[in-house]
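Here's the letter readout for the chains.
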Amino acid sequence: MDKFKLSWPTRFEVPIPEPIRKNISFILTVTTTCVIGAVIITKFTKSRKRSRRIRDKRESCRDACRRLAEQLMENGLTLAERNAILELSFEELRLKLQKGDLRCVDVLHAYQSKAIQVNEHLNCVVEPIWEAEVLALEMDMKTGKKGYLHGIPISVKENYYLEGYDCTGGMSIYLDDCVTEENTLIKILKKQGAIPFVRTNIPQSMMTYECSNPIYGQTKNPHDVTRGPGGSSGGEAALIAAKGSILGFGTDIGGSIRIPSHFCGVYGLKPTVGRISKKNMLPFQSGQTLVQAAAGPLASDMGGLVAVMKSLLVPAMFEQDPTCPPIEFRNEIFESKRPLRIGYFLDNGYITPVPACQRAVSLATEVLQTRGHTIVKFDPPDMYACFELFLLSTFGDGGESFIEALKDDLVDPALKLAHMGLILPRWLNLFLGWVLSKFGRDKMMYILSKSMRGPGSVGKYWKIAERNEAYKKQMLRRWRANKLDVLICPGFAFPAVRSGNVFNVMGGVTYTVLFNLLNYPTGSMPVTKVTCEDEANMADYPSKTAYEKAMKKDNVGSTGLPVNIQCAAQPYQEELVLRVMAELEQGLKAQN
């Protein structure tokens, strides 16, 4: 064996034993194979462990629903008793509970029973909240003054913290992470007498308006089970539309309350960010602050939205969360009879809504005009710039947090294209976006692929913040020039889409993200349904871009689907939005 040799510049030559020197190729091959094998075995073991955790969670939730169903069969109501409760409007139910004409536990059993029943074919419920029974019994024994929501059962989106339950957002990274705190809104609602009774399904990561994830599966639309309920508050909207809940809570960062409301034909409100608390929710992407998610209610009618905002905008909430401005519910605005100046638009200049969605806006403005309000046509600002700014803001980290959360997870089919776009090399992603925009004849496809990779630096991110403020100022100038009080527009570009088709018609979100970027409070409410004539009028619908062609194809068989409108106002004017929506609801009922 050779000895160490010293040379200039200084270096050491390590002697290699003869047996190893002769078999170096074999040793390297074996070593490499062992390393690769170890990596594969580790990944396989992790994958099996993750799959087992997902399977166990899914089964435990389904078992909980089965156990509740068995309990209700033994101790529940008759079908006639249940239906009598479920047919009550929100205000009728609230008043009967206040007067003691109904027991809280009976109302709870009615909604638990219906929720479990519709869940069998919609898959909208994640799991029951077991503490509901105890709360209902306590409410029935309560003496003295009752809370405003005394005995009202409420459903809760899965991303709200509830003590003793995990909170996943459909991502396995958060599985088995049992929450020890409770969401602030839930605390306030309980003080007002509400009873949280089920948790509802969401899409994986809550960054799509499909409603599917590898843990809990896919939620279906109660009006057509081949279609989705929207997202990310899709489980909430589906459950309320199917009469399995009368009031629920979701979140909205790009339309996540309003899109499901529109797809399922229920009422929803996205408040101004900060008007009501959102403390203690799933922290996914909480570091992004330019366009923030708002917590808000969904309900079966306007009575639910109004009652819950009156219940939340109280000193108790401001004490629990001092970041919320102490602005209590302003009845003087909600009950005002002052004639309003209401703007509207049928088309945002990027993607033309289908005939049913345009007709809904026309119908809404006609009803409001007959009630003495002035109707003004409004030209919305540049929607291409809006969508670009929204994506650059919400994906300011280039999708890093998104990729990190899903790196060891099963990626839901609804997210695979978006996920691929974020993990591909930037140049390749931009090239594919450019190709798609050329073949699809739609530059928004290029904007989508470019903007989801983020601005690229902190300095550029600050520039995005400056552009956001400039866009808000531009909108405010237009608003003031038209002397508007509120703005009416389509609830979305089309009715509920078929499951799995969301990415093909992504452009529809430009009708909702506008108000997230602006941070304007916006409500969504059902106005009409798709008619045979609406569907026949699709023959004249444009078919130039890939989105338009996909929308035209998806709209086939849409007759009977619900159609909502949106109503928006300037920040912190929720009472004004609710006033207009309530007047519109009354006007529509008077016509029928």
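Look above for the structure.
Residues numbered from 1 in each chain as written. Predicted model: local features only at pLDDT ≥ 70, side-chain atom pairs only at ≥ 80, totals over all residues. Heavy atoms only, no water.

Sorry if this is basic, but what is going on with the packing of aromatic side chains here?
Note on aromatic pairs: each is described by the distance of the centres and the angle between the planes. Following the criterion strictly, the structure yields 10 aromatic pairs and no others. Their ring planes at 25° and their centres at 6.4 Å tell us that Phe431 and Trp434 sit as a pair that is stacked. Of this pair, Phe431 and Trp434 both sit in helix H17 (residues 426-440), 3 residues apart, which is roughly one turn of that helix. Through successive ring pairs, a cluster of aromatic residues spans Tyr209, Phe263, Phe492 and Phe494. Taking NZ or CZ as reference, Arg94 lies 3.9 Å from the ring centre of Tyr148, over its face. Of note, Lys443 hangs over the ring of Tyr384, and the distance from its end group to the ring centre comes to 4.4 Å. (Phe/Tyr/Trp six-rings, centres within 6.5 Å; stacked < 30°, edge-to-face > 60°. Helix = DSSP H or I, 4+ residues; strand = E, 2+ residues; numbered from the N terminus. Lys NZ or Arg CZ within 6 Å of the ring centre and 35° of its normal.)

Hey, could you run me through the sheet that holds strand S13 (residues 562-568) in this one?
The strands making up a sheet associate through backbone hydrogen bonding, with each pair oriented either parallel or antiparallel. An order of S1-S3-S2-S6-S8-S7-S12-S13-S11-S9-S10 is seen for the 11 strands of this open sheet, with the pairing classed as mixed. Lying at the two open borders of the sheet, with one neighbouring strand each, are strand S1 (125-128) and strand S10 (374-377). For this sheet, the mean inter-axis angle between neighbouring strands, taken without regard to orientation, is 30°. Alignment of strand S7 (residues 267-270) against strand S8 (residues 294-299), held across 2 bridges, turns out to be antiparallel. Following the sheet pairing, Gly268 is matched in S8 by Leu298. (Pairing = 2+ DSSP bridges. Axes fitted to C-alpha atoms, helices over the stretch in contact; angles between N-to-C directions.)

Even after reading the chapter, I still don't get the pairing of S8, so can you show me in this structure?
Each regular strand carries side chains that alternate between the two faces of the sheet. In terms of burial, S8 is a largely internal element, 6 of the 6 residues being buried. Alternating residues of S8 divide into Ala294, Gly296 and Leu298 and Ala295, Pro297 and Ala299, and every residue in both groups is buried. Note: strand S6 (residues 247-252) against S8, 6 bridges, orientation antiparallel. What sits directly across from Leu247, in S8, is Ala299. (Buried < 20%, exposed > 50% of the residue type's maximum accessible area, 1.4 Å probe, protein only.)

Looking at this structure, how should I read the nonpolar core?
Soluble globular proteins tend to pack their nonpolar side chains together in the buried interior. In terms of nonpolar packing, the biggest core is built from 179 residues, with Leu93, Tyr209 and Phe494 touching the most fellow members. The greatest single-element share of this core, amounting to 10 residues, is contributed by helix H5 (residues 104-122). Look past the residues within four positions of Tyr209 in its chain and what remains in contact with it is Gly230, Gly231, Ile259, Phe263, Phe492, Phe494, Val497, Val502, Val505, Met506 and Val509. (Core = buried A, V, L, I, M, F, W, Y, C linked by side-chain atoms within 4.5 Å. Contact = heavy atoms within 4.5 Å.)

How should helix H20 (residues 510-518) be read in this particular structure?
What sets the pattern is the α-helix's 3.6 residues per turn: residues three or four places apart point alike. With 9 of 9 residues buried, H20 is to be regarded as a mostly interior element. For H20, the full list of buried residues reads Thr510, Tyr511, Thr512, Val513, Leu514, Phe515, Asn516, Leu517 and Leu518. Two residues or fewer past H20, Asn519 is found with a positive phi of approximately 60°.

What is the right way to read the environment of Pro203 from this model?
Locating Pro203 in the fold gives a position in the loop between strand S3 (195-200) and strand S4 (212-213). When the C-alpha positions of Pro203 and Gln218 are compared, they lie 8.1 Å apart, and in sequence the two are 15 residues distant. Leave out the neighbours within four places in its chain, and Pro203 touches Gly169, Thr208, Glu210, Cys211, Ser212, Asn213 and Ser232.

How do you make sense of the layout of surface pockets when you look at a structure like this?
Rolled over the atoms, a probe as big as a water molecule pinpoints where empty space is left. Estimated volume of the largest pocket: approximately 740 Å³. Around the largest pocket sit 30 residues that line it, and Gly265, Tyr267, Ser300, Asp301 and Pro526 are the ones nearest its centre. Elements that contribute at least two residues to the lining of the largest pocket include exactly helix H8 (234-241), strand S12 (522-529) and helix H23 (574-591). Across the lining of the largest pocket, the residue classes tally to 16 nonpolar, 8 polar and 6 charged. (1 Å grid on protein atoms, 1.4 Å probe; cavity = no way out; pocket = protein on both sides within 12 Å on 5 of 7 lines; lining within 4 Å. Points joined across faces, edges and corners; volume = space filled by probe spheres on them. Nonpolar A, V, L, I, M, F, W, Y, C, P; charged D, E, K, R; others polar.)

Would you take a moment to explain empty space enclosed by the protein for this structure?
Within the structure shown, the criterion is met by 2 cavities of 30 Å³ or more. As a volume, the largest cavity reaches approximately 400 Å³. Met207, Thr208, Tyr209, Phe390 and Met506 are, among the 26 residues lining the largest cavity, the residues nearest its centre. When residues of the lining of the largest cavity are assigned to their parent elements, the largest contribution, 4 residues, is made by helix H14 (residues 383-394). Its residues assigned to classes, the lining of the largest cavity shows 20 nonpolar, 6 polar and no charged.

Is there a simple way to explain the packing of helix H7 (residues 184-191) against helix H10 (residues 302-312) in this structure?
Axes are the key here: two packed helices are described by the angle between their axes and the distance separating the axes. Remark: H7 packs on H10, axes separated minimally by 9 Å, with the N-to-C direction vectors making an angle of 100°. Classified by the interaxial angle, the pair formed by H7 and H10 is roughly perpendicular. Residues Leu185, Ile188 and Leu189 of H7 form the contact with H10, whose own contacting residues are Val308, Ser311 and Leu312. When grouped by side-chain class, the residues that make up the contact of H7 with H10 number 5 nonpolar, 1 polar and no charged. (Parallel < 35°, antiparallel > 145°, perpendicular 65-115°, else oblique.)

I keep staring at a nonpolar patch on the surface and nothing clicks. Help me out?
On the surface, Leu417, Met420, Ile423 and Phe503 cluster together into a nonpolar patch covering about 350 Å² of accessible area. Residue placement: Phe503 occurs in the loop between strand S11 (486-490) and H20. (Patch = residues over 30% accessible without salt bridge, like charges linked within 9 Å, V, L, I, M, F, W, Y side chains within 5 Å. Areas by Shrake-Rupley, 256 points an atom, 1.4 Å probe, with all protein chains shown as cover. Salt bridge = Lys/Arg side-chain N within 4 Å of Asp/Glu carboxyl O.)

It is not clear to me how unusual backbone geometry should be interpreted in this structure. Could you clarify?
Trans is the common state for peptide bonds, and a negative phi is the common state for residues other than glycine. Put simply, Gly231 and Ser232 share a cis peptide bond, and its omega is 10°. Notably, Gln285 is not glycine yet its phi reads approximately 65°, a positive angle. On the secondary structure map, Gln285 appears in the loop between S7 and S8. Judged by relative accessible area, which is 17%, Gln285 ranks as buried. A positive phi angle is found at Lys483, which is not glycine, with a value near 55°. Assignment of secondary structure puts Lys483 in the loop between helix H19 (458-481) and S11.

For this particular structure, what's the right way to read the packing of H5 against helix H6 (residues 132-141)?
For the pair H5 and H6, interaxial distance at closest approach is 8 Å and the crossing angle is 150°. Regarding the angle of H5 to H6, the classification is roughly antiparallel. Contacts from Cys104, Val105, Leu108, His109 and Gln112 in H5 reach Ala132, Glu133, Ala136, Leu137, Met139 and Asp140 in H6.

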